[in-house]
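Given next are the chains, with one letter for each unit.
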Amino acid sequence: MDHDSDRDVAGAVRTLLVMATGDGPPETDLMDEVCRRVRRQRVRRRVLVPSLATLATASVLAVAALVASALTGTGTPSAQARVVAAAGRTATEGYRVRMVSTKSSKVPAPSSVTQTTEGVFDPAQRTGRLWNQDQGLEARFVGDMVYTELPAGLRSGGKRWLAKKRSADADQVLPAFVQLNKLAWQDPQRALAQLRSAAAVREQGRASGDGWSGRRYSFELDDEVKRGTRVTGTVDVDQAGRVRRLEVTDRLTTNAGRTPTATLHIIMEFRDYGAHEKVSAPPAGEVTRAPDMPSRTPS
Amino acid sequence: VGGRASEEQDAEFVAFVDRRARRHVRAAALLTGDWHAAEDLVQTCLVKLYRAWPRLDSGVDLDAYLRRMLVNTHRSWWRARWRREAPVATIPDRAGEADSQDRHARAAAVRQALQSLPARQRAVLVLRFYEDLPVAEVADLLGCSAGAVKTHTHRGIRRLRQLLDAEAVFGISEEERDGSRL
């Protein structure tokens, strides 16, 4: 048997073994079970010693309290790490998103406006499309460019679209809440990226929706410019570790935070992972370019 | 546990699981014979890895570290018998080529054939041909000699040939079978 035959056999066995792993089940989030087991081990260790030492006197309530304390403590892969990973994972495959935004204000007079936006994004191709059902307008994302459909009153010379370069850095100096509010409208993918700066992330329990189940986490945005604002929210992560729902409430207050003056509430629901839709730039003749704006970076 | 350092470690751990765990689940499916047991095995080892994570320095080959855990844990499960998979003596009928379930049937048939091998032979084949590890590394992982690895390889392949349609799978004629060495 020569070396070529050896290689043939080795190659055949490799092919065979790869074939044997070709029918894997739908991917589940391995981390869910890992977290549960880490918690269980922790509970066992904490409960076992006191329960043996004080077996005669320990009450059921005391043990229950101990268990509850262990379950809510740290020692598992942190909720923040789970959320950050989910945000990253969500940005790797196509999806559809529905955003409902409600802006309520108390000044100068009580008012409330709700808008609904639908979208489809393909992070791999760096394309996407958003359309606002209330205004009948559309935005297209193609590579580094975003093309926003102009309202009829602003169109001239057959120019229906406003083209602007998407800048990865231009908004970095804006406060987190401004970034999130803006990005939720303009670019859901980058809004998701804002979750990377989320703080005080805590697991809240089970969450489920149409065809998925997972865990819910609450968070606050880690905002260095928090004066007069408070941004809180929840994010639902499914068993495959992808973001399914993001709800954010931004309260603008005055009088050192005592009087709420305006609230922006955004719900983003992600679905149809794996979705693909071809999105192309509008015809060049219909596009006008936005003038270059000076940098916002402080000098 | 707490503080910034542990959060960064957690993030690194989750990122590693996100990036690499599925690869190890597939290898574990070959060792255990079914996907549920494979996920169970990998999750068990990930819990151990998480415990060890703060002690691991940046130079550690995490895949190799986890793989060693998988092999050892699977071996201890097998020895304890409490999760032992039932060996199968025969291969179920495969679905027709045109059947939409054909891919699943083929994969299941190969896994079942693997399950009929002694655990050591199965581990050697998976480590050598799925994980692409050299003989010396497989010997180190399994705690045996390089010669024993070669013997297990030879016998494992011979047994697979008996169980599966050798010519179709290996592309090797009957005459070539007995003389082959790896």
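Above this text you will find the structure in question.
Parameters and conventions
- Residues numbered from 1 in each chain as written.
- Chains lettered and ligands numbered in written order.
- Predicted model: local features only at pLDDT ≥ 70, side-chain atom pairs only at ≥ 80, totals over all residues.
- Heavy atoms only, no water.
- Helix = DSSP H or I, 4+ residues; strand = E, 2+ residues; numbered from the N terminus.
- Contact = heavy atoms within 4.5 Å.
- Areas by Shrake-Rupley, 256 points an atom, 1.4 Å probe, with all protein chains shown as cover.
- Expected span 1.5 Å × (residues − 1).
- Buried < 20%, exposed > 50% of the residue type's maximum accessible area, 1.4 Å probe, protein only.
- Polar contact = N/O pair within 3.5 Å; in protein donor to acceptor, adjacent residues only side chain to side chain.
- Axes fitted to C-alpha atoms, helices over the stretch in contact; angles between N-to-C directions.
- Parallel < 35°, antiparallel > 145°, perpendicular 65-115°, else oblique.
- Left-handed = near helix turned anticlockwise from the far one by under 90°.
- Arc of directions from axis to C-beta.
- Phe/Tyr/Trp six-rings, centres within 6.5 Å; stacked < 30°, edge-to-face > 60°.
- Salt bridge = Lys/Arg side-chain N within 4 Å of Asp/Glu carboxyl O.
- Pairing = 2+ DSSP bridges.
- Nonpolar A, V, L, I, M, F, W, Y, C, P; charged D, E, K, R; others polar.

### Looking at the overall build of chain B
A tally of regular secondary structure across chain B gives 9 helices and 0 strands. Going from N to C terminus, chain B has its helices and strands arranged as α-α-α-α-α-α-α-α-α. When contacts within chain B are restricted to residue pairs at least 6 apart in sequence, those whose partners lie at least 24 apart make up 61%. Taken as a whole, chain B presents about 9,000 Å² of accessible surface, with 48% of it coming from carbon and sulfur.

### Some details on helix α2 (residues 35-52) of chain B
All names here are of chain B. Taking 1.5 Å of rise per residue, 18 residues should cover 26 Å, and α2 covers 25 Å from first to last C-alpha, within 8% of that figure. Burial runs high along α2: 14 of the 18 residues are buried. Residue D34 occupies the N-cap position of α2, its side-chain oxygen lying 2.9 Å from the main-chain nitrogen of H36.

### Observations regarding the packing of helix α5 (residues 119-130) of chain B against helix α6 (residues 135-142) of chain B
All names here are of chain B. Across the interface, α5 lies against α6 with an axial gap of 10 Å and an inter-helix angle of 140°. In terms of their interaxial angle, α5 and α6 are classed as oblique. In the packing of α5 onto α6, the handedness of the crossing is right-handed. On α6, the residues touching R120, A123, V124, L127 and R128 of α5 are V135, V138, L141 and L142.

### Here we look at helix α7 (residues 146-163) of chain B
Residue and element names in this part refer to chain B. Helix length check: α7, at 18 residues, gives a terminal C-alpha distance of 26 Å against a target of 26 Å (1.5 Å per residue), a fit within 8%. Every buried residue of α7 is listed here: V149, H152, T153, G156, I157, L160, R161 and L163. When α7 is viewed along its axis, its buried side chains cluster within an angular range of 165° and face the same direction.

### Here's the deal with the packing of aromatic side chains
Two numbers describe a pair of aromatic rings. These are the distance of the centres and the angle of the planes. Residues and elements named next belong to chain A. Tallied over the full model, the rule gives 7 aromatic pairs over all chains. Seen in terms of ring centroids, Y95 and F121 are 6.0 Å apart; in terms of plane orientation they differ by 25°. Their pairing is stacked. Here Y95, found in strand β1 (residues 95-105), pairs with F121, found in strand β2 (residues 111-122); they are 26 residues apart in sequence, far enough to count as distant. Note on accessibility: Y95 and F121 belong to one class, buried. Ring geometry for Y95 versus F270: centroids 5.3 Å apart, planes at 65°, classification edge-to-face. Highlighted residues: Y95 in strand β1 and F270 in strand β11 (residues 259-271), separated in sequence by 175 residues. Considered together, Y95 and F270 belong to a single accessibility category, that of buried residues.

### Quick look at the pattern of salt bridges
All names here are of chain A. All chains considered together, the criterion is met by 22 salt bridges over all chains. A salt bridge links R216 to D236; its shortest N-O distance comes to 2.6 Å. Pair noted here: R216 is in strand β8 (residues 212-221) and D236 is in strand β9 (residues 229-238), with a separation of 20 residues, a long-range link. Taking the relative accessible area as the measure of exposure, R216 reaches 28% and is therefore partly exposed. Here R271 ties to D272 by a salt bridge, and the two come within 3.9 Å at their closest N and O atoms. Judged by relative accessible area, R271 falls into the partly exposed class, the value being 33%. Taking the relative accessible area as the measure of exposure, D272 reaches 40% and is therefore partly exposed.

### Observations concerning the pairing of β2 of chain A
Residues and elements named next belong to chain A. Note that β1 and β2 share 11 bridges and pair antiparallel. Paired with K103 across the strands is V113, a residue of β2. What sits between β2 and strand β3 (residues 127-132) in their antiparallel hairpin is a turn of 4 residues, with R126 showing a positive phi close to 55°.

### Structural notes on the packing of α6 of chain B against α7 of chain B
All names here are of chain B. Two numbers describe how α6 lies on α7: the axes approach to 8 Å, and their chain directions differ by 100°. In this view, α6 runs roughly perpendicular relative to α7, as classed from their interaxial angle. Facing V135, V138 and A139 of α6, the residues of α7 in contact are A146, V149 and K150. Broken down by class, the residue content of the contact of α6 with α7 amounts to 5 nonpolar, no polar and 1 charged.

### Remarks on the environment of L30 of chain A
All names here are of chain A. On the secondary structure map, L30 appears in helix α2 (residues 30-53). For L30, a relative accessible area of 4% translates into the label buried. Along the backbone, L30 and G241 are 211 residues apart, and their C-alpha atoms lie at a distance of 8.8 Å.

Purely geometric numbers; function is a separate question.
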